Amino acid sequence: MLLFLLTAIKVSASVILIPMDAESQKDHLKAYGITYWVLTKQQKVQWLLNYRGGSFLLPDGERIRKECQIRGVSFEVLSDEMAQGILDGISSPAVNQEAVILEKAPKIAVYSPKDNQPWDDAVTMALTYAEIPYVTIYDEEVLGDKLVLYDWLHLHHEDFTGQYGKFYGAYRATPWYIEGKRQAEDLASRLGFSKVSQEKLAVALKIRNYVIGGGFMFAMCSATDSFDIALAAEGVDICEPMFDGDPSDPNYQKRIDYTKTFAFKDFILERNPLRYEFSSIDMTSQRQQVPKESDYFSLMDFSAKWDPVPTMLCQNHTSLVKGFMGQTTAFAREQIKPTVLVLGENRINGEARYIHGIKGKGFFTFYGGHDPEDYQHRVGDPKTALELHPNSPGYRLILNNVLFPAARKKKQKT
């Protein structure tokens with residue numbers, strides 16, 4: 001009788017598989033939220049890289065099953081033997097797959113102004129839809145050394161150069177631009193700076209140190225190139241009088257120090273204050289030959305066993321992702337440092353859309369474009385309803401980065 005009971009218990013033991021392939025998952029984005037939620041319960045999760053679109057293996061439990069049902073996430077209950085068979089297959093040297101253990105729910109901060117801006121942020125929308133909690137911080141918290149409280153930092157649509165997003169040409173007479181400029185100047189003054197550009201540089205340097213110390217930073221759209229430009233222009237006035245009240249330094253281009261940047265090199269700054277562009281890093285103006293209907297970028301294929309980090313960041317149910325525009329849409333390949341990995345690219349236009357690198361003990365990811373499900377999001381456009389895009393490949397890339405800090409660290413081989 002005892003032998004029978006032990007056998008019955010063994011047979012009934014089970015785990016939950018959350019499939020992430022295109023055919024089986026009803027809501028890919030909320031699946032990340034379920035995974036994060038399980039991690040908050042001090043339970044470990046296995047991320048099955050390249051197995052059925054990057055599926056998740058969770059401990060079984062009635063609460064987890066109910067939570068999946070409530071959130072509309074597809075799941076499968078597997079016996080321990082079935083799960084072990086999957087893991088055995090993944091471990092085979094003949095397949096490009098790997099099982100990565102996720103151990104702890106990362107604490108997430110979003111760097112964003114507290115007031116309402118006339119645009120929306122894809123990351124905060126993704127986090128909200130997936131039901132992943134986050135804290136909004138801004139310059140006061142960054143300069144007050146609060147970044148150490150968080151494992152993962154997202155940089156909202158931001159201009160770290162002190163040029164107010166280069167919106168001067170089209171929007172300088174609009175109430176939101178005038179009010180935003182006034183608020184930025186007041187904040188800089190309150191924090192002890194005479195110029196917004198100086199205050200934003202101080203913030204960028206704090207964020208740089210956060211990454212070097214082991215933090216994870218994710219940036220989209222203009223936060224990507226403006227961050228690197230601010231670092232490279234440390235000690236150089238690149239702002240014209242309408243931005244900071246005095247002329248820029250003569251021949252400032254020659255004083256740009258590319259060794260200080262995270263990702264970019266050899267770029268040329270845009271001097272014209274009427275032009276909605278920061279530098280030659282961005283490829284937006286060079287995309288006339290890329291029609292919307294055929295604007296896609298492909299994800300790179302890495303070795304899951306040898307390079308689990310870039311493999312994690314590229315997990316998806318498709319290798320071809322629909323393109324989308326932004327102030328900074330894509331990055332010129334020749335101006336990306338050789339130490340930075342290109343994770344996604346539009347080969348036809350010779351541009352990188354999604355890049356990743358290491359800085360000190362930490363990591364950074366730059367993702368071009370503004371909203372993966374709004375091709376050309378303009379100032380004042382309504383926000384995207386993610387309920388209409390629960391299987392968005394473009395948004396999945398954002399959420400890959402959110403879970404990335406939860407992974408048990410393995411040394412990257414290449």
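Because the structure is predicted, anything quoted here is derived from the model rather than measured.

A.B. asks: Please clarify how the overall build of the protein chain should be interpreted in this entry.
C.D. replies: On a plain count of helices and strands, the protein chain comes out with 13 helices and 15 strands. Computed over its C-alpha atoms, the radius of gyration of the protein chain comes to 23 Å, within 12% of the 22 Å expected for a compact globule of 414 residues. Across its three principal directions, the C-alpha atoms of the protein chain cover 90 × 45 × 40 Å. Counting across all 414 residues of the protein chain, residues that qualify as buried make up 57%. Partitioning the contacts of the protein chain with sequence separation of at least 6, the portion at a separation of at least 24 is 76%. As displayed, the protein chain offers around 17,700 Å² of accessible surface, 55% of which is attributable to carbon and sulfur atoms. One way to put it: in the protein chain the 47 positive side-chain charges average out to a point 4 Å from where the 52 negative ones average out.

A.B. asks: Sorry, what's going on with the pattern of salt bridges here?
C.D. replies: Oppositely charged side chains may form a pair once their charged atoms are brought near each other. Overall, the coordinates contain 26 salt bridges when judged by the stated rule. The salt bridge involving R190 is made with E140; its shortest N-O contact spans 3.7 Å. Separated by 50 residues along the polypeptide, R190 in helix α8 (residues 175-190) and E140 in helix α6 (residues 139-143) bring together distant segments of the chain. Exposure remark for R190: the relative accessible area of 58% places this residue in the exposed category. Given a relative accessible area of 35%, E140 falls into the partly exposed group. For R182, the salt bridge goes to D186, with nearest N and O atoms at 2.6 Å.

A.B. asks: Can you walk me through empty space enclosed by the protein in this structure?
C.D. replies: Taking a probe equal in size to a water molecule and rolling it over the atoms shows the remaining empty space. Counting across every chain of the model gives three cavities of 30 Å³ or more. Considered as a void within the structure, the largest cavity measures approximately 40 Å³ in volume. Lining the largest cavity, in full, are Q163, I229, I238, Y252, L269, E270 and F278. Within the lining of the largest cavity, the residues separate by chemical class into five nonpolar, one polar and one charged.

A.B. asks: Explain unusual backbone geometry to me, please; I cannot follow it from the model alone.
C.D. replies: Leaving glycine aside, a negative phi is the common case for residues, and trans is the common case for peptide bonds. Positive phi is not limited to glycine here, since N50 has a value of about 70 degrees. Relative to the assigned elements, N50 resides in the loop between β2 (45-49) and β3 (55-59). Here the phi dihedral of K166 falls at roughly 55 degrees; this positive angle occurs in a residue that is not glycine. Relative to the helices and strands, K166 is located in the loop between β8 (152-155) and α7 (168-171). By relative accessible area, K166 is classed as buried at 1%.

A.B. asks: In this structure, what is going on with the side chain of S248? I would like to understand it.
C.D. replies: Along the chain, the position of S248 falls in the loop between α11 (241-244) and β10 (296-299). For S248, a relative accessible area of 11% puts it in the buried group. A polar contact is formed between the side chain of S248 and the side chain of E240, at a distance of 3.1 Å.

A.B. asks: For this particular structure, what's the right way to read the pairing of β8?
C.D. replies: Remember that side chains alternate between the two faces of the sheet whenever the strand is regular. Of the two faces of β8, the one carrying W152 and H154 and the one carrying L153 and L155 are both buried. Of the pairings in the sheet, the one linking strand β6 (residues 108-111) to β8 comprises four bridges and is parallel in character. Each bridged residue has a counterpart across the sheet, and for V110 the counterpart in β8 is H154. Of the strand pairs in this sheet, β8 and strand β9 (residues 216-220) are connected by four bridges, and their pairing is parallel. By the bridge assignment, H154 is partnered in β9 with F218.

What counts and how
Residues numbered from 1 in each chain as written. Predicted model: local features only at pLDDT ≥ 70, side-chain atom pairs only at ≥ 80, totals over all residues. Heavy atoms only, no water. Helix = DSSP H or I, 4+ residues; strand = E, 2+ residues; numbered from the N terminus. Rg over C-alpha atoms; globule rule 2.2 N^0.38 Å. Buried < 20%, exposed > 50% of the residue type's maximum accessible area, 1.4 Å probe, protein only. Contact = heavy atoms within 4.5 Å. Areas by Shrake-Rupley, 256 points an atom, 1.4 Å probe, with all protein chains shown as cover. Lys, Arg positive; Asp, Glu negative; His and termini not counted. Charge placed at Lys NZ, Arg CZ, Asp CG, Glu CD. Salt bridge = Lys/Arg side-chain N within 4 Å of Asp/Glu carboxyl O. 1 Å grid on protein atoms, 1.4 Å probe; cavity = no way out; pocket = protein on both sides within 12 Å on 5 of 7 lines; lining within 4 Å. Points joined across faces, edges and corners; volume = space filled by probe spheres on them. Nonpolar A, V, L, I, M, F, W, Y, C, P; charged D, E, K, R; others polar. Polar contact = N/O pair within 3.5 Å; in protein donor to acceptor, adjacent residues only side chain to side chain. Pairing = 2+ DSSP bridges.

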